[in-house]
Amino acid sequence: MSRKIFHELHAALMCADPDAKCTQVAALWRDWQAGVVFDRSAGPPHHIPDAGRPERPELVEPSALRSRRMGSREGHGAMIHAICHIEFTAINLALDAAWRFRELPDDYLADWLRVAADEARHFGLLRTHLRTLGYDYGDFPAHAGLWDMACRTAHDALIRMALVPRVLEARGLDATPPIMAKLRTIGDQAALGILDIVLADEITHVAIGDRWFRQLCAQRGLEPEPTFLRLFNEFDAPRLQPPVNEKARLEAGFSADEIATLAAERRAPPGAG
């Protein structure tokens, strides 16, 4: 009996157990690389209000997350937990990108299987490290808004590629170096090693999103950068927060002019333009 790729992607996406999800994702990517032939037949995708996740952590609005001092044991754990949660959610975002936009070719599917496998590996590394600090995934509240953009962009692959890899993941390129600087002050060499891996992989992930965004724009006769800026504003996407990691963004496919324009958008007062 042939294996149905979209059935298996959906099963991994909806799996609530983090260890089982990561195992399923790793196996799918390994089998794809080994040349297993999957059946791509499937009906149309449906709305998923929430992907599979454990009952904990409790998901709250960003404003409800309590600030903790990095130098404290609790603050240290909360920081690693926050990154761990981002990576877990990124597994679901990558799986949904692969499962949902099934009209796109095998190269697209392979790219997002790879991203999902990378995110699962990052999650595993961070969770293992979190446990060495005396905590586990679920011990702190976490950001509730990351899945929201997947729901808002579920109708169009071009919009998804614009606003998840080129906004949400790209924000990680900016945020990671300052986090690493904080971890360096408390001597967490293990976390620094993990975040070196994460940052290098995230540049690749943003570049994958950038490539597919530009390819979809070309198919529709759209100019990529004006289209991105229009979608960025139309969907009220999160603005750039300094310092901007210009080097990483350039490696991932942004132009210097585009970065400057986005930075100016950040500085514009509410309602300007």
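The rules behind each value
- Within every chain, residues take consecutive numbers counted from 1 along the sequence as written.
- pLDDT decides what is reported in this predicted model: residues at 70 or higher carry local features, side-chain atom pairs at 80 or more are listed and counted, and totals for whole chains, interfaces and linings draw on all residues regardless.
- Neither water nor hydrogens contribute to the side-chain values; these are computed over all heavy atoms in the structure.
- A run of H or I in DSSP becomes a helix once it reaches four residues, and a run of E becomes a strand once it reaches two; helices and strands are each numbered from the N terminus.
- Two things to know: the radius of gyration comes from C-alpha atoms, and the globule rule equals 2.2 Å times the number of residues to the power 0.38.
- Each residue is placed in one exposure class: buried if its accessible area under a 1.4 Å probe, protein chains only, is under 20% of its type's maximum, exposed if it is over 50%, and partly exposed if it falls in between.
- By definition, residues are in contact when any of their heavy atoms lie within 4.5 Å.
- Method for areas: the Shrake-Rupley scheme with a 1.4 Å probe, in which residue coverage is limited to the protein chains shown.
- Charge counting follows a simple rule: Lys and Arg are positive, Asp and Glu are negative, and His as well as the terminal groups are ignored.
- Where a charge sits is defined by one atom per residue type, namely NZ (Lys), CZ (Arg), CG (Asp) or CD (Glu).
- To define axes, lines are fitted to C-alpha atoms, for helices over the stretch in contact only, and angles between the resulting N-to-C directions are given on a 0 to 180 degree scale.
- If an angle is under 35 degrees, it is roughly parallel; if it is over 145, roughly antiparallel; if it lies from 65 to 115, roughly perpendicular; otherwise it is oblique.
- Classes in brief: Ala, Val, Leu, Ile, Met, Phe, Trp, Tyr, Cys and Pro nonpolar; Asp, Glu, Lys and Arg charged; the others, Gly included, polar.
- We call a set of buried residues a nonpolar core when its members are Ala, Val, Leu, Ile, Met, Phe, Trp, Tyr or Cys and they connect through side-chain atoms within 4.5 Å of each other.
- Polar contact is defined as a pair of N or O atoms within 3.5 Å, subject to the rule that within protein one atom must be able to donate a hydrogen and the other to accept it, and that residues adjacent in sequence are counted only when both atoms are side-chain atoms.
- Crossing handedness: left-handed means the near helix sits turned counterclockwise from the far one by under a right angle, and right-handed means the same turn made clockwise.
- Cavity means a closed set of points on a 1 Å grid over the protein atoms alone, one where a 1.4 Å probe fits but cannot get out, pocket means an open set with protein on both sides within 12 Å along at least 5 of 7 lines, and lining means a residue has an atom within 4 Å of a point.
- Grid points are joined across faces, edges and corners, and a volume is the space filled by probe spheres set on the points.
- The working definition used for a salt bridge is a side-chain nitrogen of Lys or Arg within 4 Å of a carboxyl oxygen of Asp or Glu.

**Quick notes on the overall build of the protein**
Looking only at helices and strands, the protein has ten helices and four strands in total. Beginning at the N terminus, the succession of helices and strands in the protein can be written as β-α-α-β-β-α-α-β-α-α-α-α-α-α. Taken over the C-alpha trace, the protein has a radius of gyration of 19 Å; the compact-globule value for 273 residues is 19 Å, and the two agree within 12%. In terms of its C-alpha atoms, the protein occupies a principal-axis envelope of roughly 50 × 50 × 30 Å. Each of the 273 residues in the protein was classed as buried or not, and the buried ones make up 50%. Within the protein, counting contacts between residues at least 6 apart in sequence, those at least 24 apart form 81% of the total. Split by element, the accessible area of the protein, about 12,600 Å² in all, is 55% carbon and sulfur. Across the protein, the 32 positively charged side chains and the 38 negatively charged ones have centroids separated by 3 Å.

**A word on the packing of helix H6 (residues 157-185) against helix H8 (residues 224-234)**
As a packed pair, H6 and H8 sit with axes 10 Å apart at the nearest point and diverge in direction by 80°. Classified by the interaxial angle, the pair formed by H6 and H8 is roughly perpendicular. Together, Leu 158, Ile 159, Ala 162, Leu 163, Arg 166 and Val 167 of H6 and Thr 227, Phe 228, Leu 231 and Phe 232 of H8 make up the contact between the two elements. Broken down by class, the residue content of the contact of H6 with H8 amounts to eight nonpolar, one polar and one charged.

**Things to note about the nonpolar core**
General note: in soluble globular proteins, nonpolar side chains tend to be found buried as a group. In this structure, Leu 9, Trp 112 and Leu 163 are the most contacted members of the largest nonpolar core, which totals 85 residues. Beyond its immediate sequence surroundings of up to four residues, Leu 9 is in contact with Leu 28, Leu 95, Ala 98, Trp 99, Leu 109 and Leu 113.

**A few points about the side chain of Asp 31**
Within the fold, Asp 31 resides in helix H2 (residues 18-33). Of note is the side chain of Asp 31, whose polar atom sits 2.9 Å from the side chain of Arg 3. Aside from chain neighbours lying at most four places away, what touches Asp 31 is Arg 3, Val 36 and Phe 38.

**Quick look at the packing of H2 against helix H3 (residues 73-100)**
At a minimum axis separation of 11 Å, H2 and H3 run at an interaxial angle of 45°. Accordingly, the angle class assigned to the pair H2 and H3 is oblique. By crossing handedness, the relation of H2 to H3 is classed as left-handed. Note on element contacts: H3 touches H2 through Phe 88, Ile 91, Asn 92 and Leu 95, opposite Pro 18, Lys 21, Cys 22 and Val 25. Its residues assigned to classes, the contact of H2 with H3 comprises six nonpolar, one polar and one charged.

**Some details on the layout of surface pockets**
If a probe as big as a water molecule is rolled over the atoms, it shows which places are left empty. Reported here for the largest pocket is a volume of approximately 1,500 Å³. Around the largest pocket, the lining comprises 48 residues; the ones closest to its centre are Ala 82, Ile 86, His 143, Arg 171 and Ala 175. Mapped by element, the contributors of at least two residues to the lining of the largest pocket are H3, strand S4 (142-143), helix H5 (148-152), H6 and helix H7 (189-219). Its residues placed into classes, the lining of the largest pocket shows 26 nonpolar, nine polar and 13 charged.

**Some points on unusual backbone geometry**
Across the junction of Arg 56 and Pro 57, the peptide omega takes the value 15°, indicating a cis bond. With omega at 0°, the peptide bond leading from Pro 242 into Pro 243 counts as cis. In this fold, Pro 243 is placed in the loop between H8 and helix H9 (246-252). Positioned with a positive phi, Asp 236 is a non-glycine residue whose angle comes to about 50°.

**Focus on the pattern of salt bridges**
Counted under the stated rule, the structure contains 25 salt bridges. Across the pair Arg 3 and Asp 31 runs a salt bridge whose closest N-O atoms are separated by 2.9 Å. Here Asp 31 lies in helix H2 and Arg 3 lies in strand S1 (residues 3-4), a separation of 28 residues in the sequence. Given the relative accessible area of 18%, Asp 31 is considered buried.

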